[in-house]
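Here is how the chains run, residue by residue.
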Amino acid sequence: MGQRFILGEEVWLFEAAAAEACRVPYGVGCASGTDALWLAMTAAEIGPGDAVLTTPFSFFATVSSILRVGAQPMLADIDPRTYNLDAGSIAATLRDRNQSCGNTQLRAILPVHLYGQCVDWDAFTALKKEFGVLLIEDAAQAFGAQWKGQPAGNLGDMAAFSFYPTKNLSAYGDAGLLTTGHERFAERAGILRVHGMRQRYFHEEVGWNSRLDTIQAAVLLVKLQHIDRWNRERRERAKTYDDLFAQRGLAENGPYPQHGVVLPYVDPRGTHVFHQYVIRAPRRDALKVFLAQQGIGSEIYYPLPLHLQPSLRNLGYADGAFPESERAAKEVLALPMFPELTQPEQERVVTAIAEFLS
Ligand SMILES: Cc1ncc(COP(=O)(O)O)c(C=O)c1O
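1. Regarding helix α1 (residues 9–21)
Right, so step 1: Here α1 is 13 residues long and its end C-alpha atoms lie 18 Å apart, about the 18 Å a rise of 1.5 Å per residue gives.
Right, so step 2: Residues of α1 that are buried: E10, V11, F14, E15, A18 and A19. Projected down its long axis, α1 shows its buried positions confined to an angular sector of 160°, all on one face. Exposed and oriented more than 90 degrees from the buried face of α1 are E9 and E20.
Right, so step 3: Tucked inside the fold, the buried residues of α1 contact β1 (26–30), β9 (176–180) and α7 (214–224).
Right, so step 4: Trailing α1 by a residue or two, R23 shows a phi angle of about 55°, which is positive.

2. Here we look at the sheet that holds strand β7 (residues 150–151)
Paired through their backbone hydrogen bonds, the strands of a sheet run either parallel or antiparallel.
Right, so step 1: The strand order across the open sheet built from three strands is β7-β6-β14, with neighbouring strands paired in antiparallel fashion. A strand with exactly one partner marks an edge of an open sheet, and here the two such strands are β7 and β14 (270–271).

3. Concerning the domain arrangement of the protein chain
Right, so step 1: According to the domain assignment, the protein chain contains domain 1 (9–224) and domain 2 (227–357).
Right, so step 2: Using only C-alpha atoms to locate each centre, domain 1 and domain 2 end up separated by 25 Å.
Right, so step 3: Each partner contributes to the interface: domain 1 provides 39 residues, whereas domain 2 provides 35 residues.
Right, so step 4: Carbon and sulfur atoms supply 62% of the area buried between domain 1 and domain 2, which totals about 3,400 Å² over both sides.
Right, so step 5: Here domain 1 is connected to domain 2 by one salt bridge.
Right, so step 6: R269 is the salt-bridge partner of D120, the closest N and O atoms lying 3.3 Å from each other.
Right, so step 7: Where domain 1 packs against domain 2, one counts 22 residue pairs in polar contact (both at pLDDT 80 or more).
Right, so step 8: Looking at the side of domain 1 that touches domain 2, the elements that each hand over two or more residues are α3 (61–68), β3 (72–75), β6 (146–147) and α7.
Right, so step 9: Element by element, the count of residues in the side of domain 1 that touches domain 2 is highest for β3, at four residues.

Conventions adopted
Residues numbered from 1 in each chain as written. Predicted model: local features only at pLDDT ≥ 70, side-chain atom pairs only at ≥ 80, totals over all residues. Heavy atoms only, no water. Helix = DSSP H or I, 4+ residues; strand = E, 2+ residues; numbered from the N terminus. Expected span 1.5 Å × (residues − 1). Buried < 20%, exposed > 50% of the residue type's maximum accessible area, 1.4 Å probe, protein only. Arc of directions from axis to C-beta. Contact = heavy atoms within 4.5 Å. Pairing = 2+ DSSP bridges. Domains from an automatic or database assignment. Buried area = accessible area lost by both parts, 1.4 Å probe. Salt bridge = Lys/Arg side-chain N within 4 Å of Asp/Glu carboxyl O. Polar contact = N/O pair within 3.5 Å; in protein donor to acceptor, adjacent residues only side chain to side chain.

Structure follows, in structure tokens:
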């Protein structure tokens, strides 16, 4: 690695390699997944007067990036099995124009491939046709996931990836990537991330600093060579959890838990990468405490849907507006999941949950 610590050679190499992995012509590295979302919307000239529809059951940046470009976030509920945005709920919201985005124009739908599983892309393609909008994938949790053999990052008009250290493809700090098949979006994002300059110190427009560090790109270039294997190992670990829960008679069909746990639903049309392995459990909060007492880490993604966050109350959605998201927030629990997880470790996790539920 040379002395170009920012946007050095490894950045270009990583952009090209990641774009190839996603089977898209363009990849634009940037400082974070949040910035990749922001760059995508700005590159498409989404701003004040526009609306972008997304999910309330995601990480905060999914909605905050819409506000950051000056657009209006619109929300629709999730599918209780996959936790992904439900296309039926979107269509109902959009057909009922009165309760839709007021005077704003809907420019894009921003689905999140939550936990590493692609949204039902067939349904989203139909929405794009019906409503004439852009589709921007929030693929922060889904590097390597596929829909009918097509990789995340190549499905929409643009996609945003995060390489935050907990992600399935992760850097040693913050890093992100925008992918697209549209040259004009790639070109615009490429200059917006460096203060709107193509030629040094000549600013065509007002961008900002979202440059990718060379050292992060170098780390990502190495890890990219292993991501397919790591994703496969995650799927194997998921299968082991499924089997262990089933063997103990704890696996329920769902979508809501009764006495046992609801295992992750995998849409057979896609390829899940299990960024997270998320169950639904009764008395979820007590279970989390019980596991922690046994030295087993677990996490809740996410405990409070976005429309109920104090900072987003002014979006105007009431309690009860998105019942599936609100229920999921009370029931989901992510269990330990990483490629190096061993079978005895997984048995310990499942045994502890069995003990809790007995
Ligand atoms: C669904 C989703 N969107 C956006 C982001 C934002 O990515 P970053 O933390 O790299 O800004 C994340 C991850 O943190 C995420 O999980």
